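One-letter residues, chain by chain:
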Amino acid sequence: MRRKDREVTDPAAIDEIIRRCDCCRLGLRDGDEVYIVPLNFGFFVDDSVRKLYFHSAPEGRKIDLIKQRQQVGFEMDTAHALLPGDAPCSYTYRYQSVIGQGRIRILSSDEEKIAGLNRMMDHYCSQQREQRRFVAQALERVEVLELEITTLSCKEHL
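What you see is a predicted model; the values in this text were computed from it and never measured.

## Considering the pattern of salt bridges
Step number 1: With the rule as written, the count across this model stands at 12 salt bridges.
Step number 2: Where K51 meets E146, a salt bridge forms, and the shortest distance between an N and an O atom there is 3.8 Å. Of this pair, K51 sits in strand β5 (residues 49-56) while E146 sits in strand β8 (residues 143-157), placing them 95 residues apart in sequence.
Step number 3: On the accessibility criterion, E146 (8% relative accessible area) is buried.
Step number 4: Three or more residues are tied together by salt bridges with common partners; here these are D46, K51, R105, E112 and E146.

## Some points on the side chain of K51
Step number 1: Classification of K51 as buried rests on a relative accessible area of 12%.
Step number 2: Apart from residues lying up to four places away in sequence, K51 is in contact with G42, F43, F44, D46, E146, L147 and E148.

## Digging into the nonpolar core
Step number 1: Judged by nonpolar contacts, the single largest core of 26 residues is most densely connected at L26, F41, L52, F54, F74 and M76.
Step number 2: Among the elements of the structure, α1 (11-20), β2 (24-30), β3 (33-39), β5, α2 (61-68), β6 (71-83), β7 (92-106) and β8 are those that each provide at least two residues to this core.
Step number 3: Per-element tally for this core: the top contributor is β8, with 4 residues.
Step number 4: Not counting chain neighbours up to four residues away, the residues in contact with F74 comprise C24, R25, L26, L52, V98, I99, G100, Q101, L147, I149, T151 and L152.
Step number 5: If you look at the next biggest cluster of nonpolar residues, it comprises 7 residues, including L107, L139, V142 and V144.

Parameters and conventions
- Residues numbered from 1 in each chain as written.
- Predicted model: local features only at pLDDT ≥ 70, side-chain atom pairs only at ≥ 80, totals over all residues.
- Heavy atoms only, no water.
- Salt bridge = Lys/Arg side-chain N within 4 Å of Asp/Glu carboxyl O.
- Helix = DSSP H or I, 4+ residues; strand = E, 2+ residues; numbered from the N terminus.
- Buried < 20%, exposed > 50% of the residue type's maximum accessible area, 1.4 Å probe, protein only.
- Contact = heavy atoms within 4.5 Å.
- Core = buried A, V, L, I, M, F, W, Y, C linked by side-chain atoms within 4.5 Å.

Encoded structure:
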């Protein structure tokens, strides 16, 4: 990282920044191209291993690419604010960002899918888990993805 003064290394601080983000951009290799897709996500730390959860239609470019190659990249950011300066080149921008890589897999059992969907719901809404109902027909029509983060870097300018 070039700007070491902006690097965040405290695991609890990194996890809190991830929790504040509302969109995760997933980067997938497609031959000589990179396919980037913005996704809603859930976040969970399992015995110090960070995991992200996504939902998807069972078909399409994203699913096809994941089936070909499970190594993916991701990016998320939050706390955006423009800080005006006296001249155009003295403007700056506040932010917090996380960039990383990991291995993604399609969850197969209904129990795994429900756990992943609950983690997504936990991220975005305060409805209690015991009030959530996942209909079997809906579970059959959705893919739930789990990304185990293998590397990441976190940076902030506040």
